[in-house]
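Inside the fold
Each chain, written out:
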Amino acid sequence: PPHAPSINEAFAVERVASISFADFKKKFFKTDTACVVTGAIESWPARGRWHDLRYFRDNFGHRTVPLELGRLENGRKKAGWREEATLLRDLIEQHLVP
């Protein structure tokens, strides 16, 4: 937006590029403090494999997954809301890919 509000530095969330589990636990987890960990997943093999839904369709499309279909309004199920099970392949092709 052309006039985005400025962020009050008192509410800024600290960004950390690398941190040990012990340091994370001490500084953030035990103090219930938010942080953004950057660069933590760069070397994960999944980043290359999961770049699109074809990986899931081709490797796990035969798996059955639960679906909740319909609309909620104020936390309540609207008419037509239903649960069903489908193959992951069908979920991807019928609901996720235009």
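In the block above lies the structure referred to throughout.
A brief look at the structure comes next. (Residues numbered from 1 in each chain as written. Predicted model: local features only at pLDDT ≥ 70, side-chain atom pairs only at ≥ 80, totals over all residues. Heavy atoms only, no water.)

1. Considerations on the packing of aromatic side chains
For clarity, the cut-off: Ring pairs are drawn from Phe, Tyr and Trp, using the six-membered ring of Trp, whenever the two centres fall within 6.5 Å, and their geometry is named by plane angle: stacked under 30 degrees, edge-to-face over 60, tilted for the rest. We count a stretch as a helix when DSSP gives it H or I for four or more residues in a row; a strand needs E for two or more, and each element gets its number in order from the N terminus. Only protein chains enter the accessibility calculation, which uses a 1.4 Å probe. A residue is then buried if its area is under 20% of the maximum for its type, exposed if over 50%, and partly exposed in between. Lysine NZ or arginine CZ positioned within 6 Å of the ring centre and within 35 degrees of the ring normal marks a charge as sitting over the ring.
For the structure on display, the rule yields five aromatic pairs. Pairing F24 with F28 gives two aromatic rings, centres 5.9 Å apart and planes at 35°, and the pair type is tilted. Of this pair, F24 and F28 both sit in helix α1 (residues 21-29), four residues apart, which is roughly one turn of the helix. Looking at F24, the relative accessible area reads 27%, which means it is partly exposed. Each ring, one from Y55 and one from F56, has its centre 5.5 Å from the other, and the planes form 85°; the classification is edge-to-face. Judged by relative accessible area, which is 24%, F56 ranks as partly exposed. Taken together, the ring pairs connect W50, Y55, F56 and F60 into an aromatic cluster. Across from the ring centre of W81, 4.0 Å away, lies the NZ or CZ of K77, which sits over that ring.

2. Let's talk about the pairing of strand β3 (residues 64-69)
For clarity, the cut-off: DSSP calls a pair of strands paired once it identifies at least 2 bridges connecting them.
Side chains V65, L67 and L69 of β3 all project onto a buried face; the interleaved residues T64, P66 and E68 project onto a face where none is buried. Pairing of β3 with strand β6 (residues 82-87) involves six bridges; the strand directions are antiparallel. Its bridge partner being in β6, P66 is matched across the sheet by A85.

3. Section: the packing of helix α3 (residues 53-60) against helix α4 (residues 88-96)
What counts here: With axes taken as lines fitted to C-alpha atoms, and helix axes fitted only over the stretch in contact, angles between N-to-C directions fall between 0 and 180 degrees. Two residues form a contact once any of their heavy atoms are found within 4.5 Å. Each residue gets one of three labels, nonpolar for Ala, Val, Leu, Ile, Met, Phe, Trp, Tyr, Cys and Pro, charged for Asp, Glu, Lys and Arg, and polar for the others, Gly among them.
Contact geometry for α3 and α4: axes closest at 8 Å, N-to-C directions at 150°. The residues of α4 that touch α3, namely those facing L53, F56, R57 and F60, are L88, R89, I92, E93 and L96. For the contact of α3 with α4, a count of residues per class yields six nonpolar, no polar and three charged.

4. With respect to unusual backbone geometry
The backbone phi angle of D32 is positive, close to 55°, even though this residue is not glycine. Note on placement: D32 falls in the loop between α1 and β2 (35-37). Judged by relative accessible area, which is 74%, D32 ranks as exposed.

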